[in-house]
Amino acid sequence: MNLDDLISEYAGIEERLADPSVHADQSLARKLGKRYAELRPIVETHRELASTEDDLAAARELSGEDAAFAAEAEDLAKRRTQLEERLRRLLVPRDPSDGKDVILEVKAGEGGEESALFAGDLLRMYLRYAERAGWKTEILDSHPSDLGGYKDVTVAVKARGAQEEGVWTRLKFEGGVHRVQRVPATESQGRIHTSAVGVLVTPEAEDVDVQVDPNDLRIDVYRSSGPGGQSVNTTDSAVRITHLPTGVVVSCQNEKSQLQNKEQALRILRSRLLAMAQEEADAAASAERKSQVRTVDRSERVRTYNYPENRISDHRVGYKAYNLDQVLDGDLHNLTQALVDAEMERRLAEAQKS
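Overview of the structure. This structure is a prediction, so every number in the text was calculated from the model and none was measured.

Regarding the packing of aromatic side chains
What the rule picks out here adds up to three aromatic pairs. With 5.2 Å between their ring centres and 70° between their planes, Phe118 and Tyr305 make a pair best called edge-to-face. Of this pair, Phe118 sits in helix α4 (residues 113-133) while Tyr305 sits in strand β9 (residues 301-306), and the two are 187 residues apart along the sequence. Relative accessible area serves as the criterion here: at 0%, Phe118 is assigned to the buried category. Between Tyr129 and Trp135 the ring centres are 5.5 Å apart and the planes differ by 80°, which places this aromatic pair in the edge-to-face class. Comparing Tyr129 with Trp135, the two get one shared label, buried.

Rendered as structure tokens:
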């Protein structure tokens, strides 16, 4: 869509959101609100650019009579250049999932119990980051380890209301193998060990994104269990859902109710099916998805967390900083911004080629 089409779409959404009847459908209102928030910076930048161009024309016209206007014209010309660049970046085609919430899975890999402990550290990092960003989090399923870590854990991360930037915009880069170098709590000799944890991120699918035929599902129930195998409850409340056409298997046991576990499992299943559908439609997305977690192997790392040096390194964009303690406390903004900027440069380059 060109700029005029986007401005027209923005005006149309603004008019619809002013209609009280639209808000009777919360799903529709939320969808419109998200799109409105996405378009707002484009429209506001366009309006400021138009105003700046008018002011620049006036300042240039008056500069012959008053030297002060010549200096103002110079400042306005610089501002116009900045706004043109910002608008150019805003008009670059976005990732279609950028406005979506996400489901994030953290899985222990190489390193045994130490990997499970680090999976717990990563989970806390993401929960703190979400808190700083004003997002809501919900643990959908978890399998704790004996020493307090996690064999695997699944969490939903949602934006609170309409935001200019969706959760997927930031967290999609977390997918991949995360390597940790530190002295484990289980190490008595003080030696540094290396272990790995896999992170998988998918945009959370809405009902309109993925239609799941109940006839395509095999649903099994079983008794939940916790660390060491002890029973969490005495009823068959845990649920395993197998999507027969694709072979995707999802299980949930966190809730005491079988119905609640089934609903959580369906949320995860829809998101995985959405990700698969997007991969099939877009070869680039497929390559990106496959790069996330093929095997939780240290050799396929996207990021390294070095405790002795307090260093965090992202190997995809060459990012390196010595504030690992702050990052693990949820201060991921500079790190994620480096990845967002790298993707923007790639998209700008693609747009110029086309």
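Observations regarding the pattern of salt bridges
Considering all chains together, one arrives at 33 salt bridges under this definition. Among the salt bridges present, the one from Asp329 reaches Arg128, with a minimum N-O distance of 2.8 Å. Of this pair, Asp329 sits in the loop between α8 (324-328) and α9 (333-353) while Arg128 sits in helix α4; the two residues are 201 residues apart in sequence, bridging distant segments of the chain. Given a relative accessible area of 32%, Asp329 falls into the partly exposed group. Several salt bridges share partner residues, and in doing so they unite Glu9, Arg35, Glu38, Arg94, Asp95, Asp98, Lys172, Glu343, Arg346, Arg347 and Glu350 into one network.

A word on a negative patch on the surface
Side chains of Glu53, Asp54, Asp55, Glu72, Glu74, Asp75 and Glu84 sit close together on the surface and give a patch of like negative charge. Counting residues per element, the negative patch draws most heavily on helix α3 (residues 67-90), at four residues. Among the secondary structure elements, Glu84 is positioned in helix α3.

Quick look at the pairing of β9
β9 sits mainly inside the fold: five of its six residues count as buried. Inspection of the sheet shows strand β4 (residues 176-182) paired to β9 by five bridges, in the parallel sense. Paired with Gln181 across the strands is Asn306, a residue of β9. Sheet topology note: the β9/strand β10 (residues 311-314) ladder contains four bridges and is antiparallel.

The rules behind these values
- Residue indices follow the written sequence of each chain, beginning from 1 at its first position.
- pLDDT decides what is reported in this predicted model: residues at 70 or higher carry local features, side-chain atom pairs at 80 or more are listed and counted, and totals for whole chains, interfaces and linings draw on all residues regardless.
- The side-chain quantities take in all heavy atoms of the structure and omit both hydrogens and water.
- Two aromatic rings, drawn from Phe, Tyr or Trp (for Trp, its six-membered ring), form a pair once their centres lie within 6.5 Å of each other, and the interplanar angle then sorts them: stacked below 30 degrees, edge-to-face above 60, tilted otherwise.
- Helix and strand definitions follow DSSP, with helices as H or I runs of at least four residues and strands as E runs of at least two, each counted in order from the N terminus.
- Three exposure classes are used, based on accessible area relative to the maximum for each residue type with a 1.4 Å probe and protein chains only: buried under 20%, partly exposed in between, and exposed over 50%.
- Here, a salt bridge means any Lys or Arg side-chain nitrogen found within 4 Å of an Asp or Glu carboxyl oxygen.
- Patch criteria: residues need more than 30% relative accessible area and no salt bridge. Like-charged residues are merged within 9 Å; nonpolar side chains of Val, Leu, Ile, Met, Phe, Trp and Tyr are merged within 5 Å.
- Computed with the Shrake-Rupley method and a 1.4 Å probe, the accessible areas treat only the protein chains shown as cover for residues.
- We score Asp and Glu as negative and Lys and Arg as positive, and we do not count His or the chain ends.
- The atoms used to mark charge sites are NZ of Lys, CZ of Arg, CG of Asp and CD of Glu.
- Two strands make a pair as long as DSSP finds a minimum of two bridges between them.

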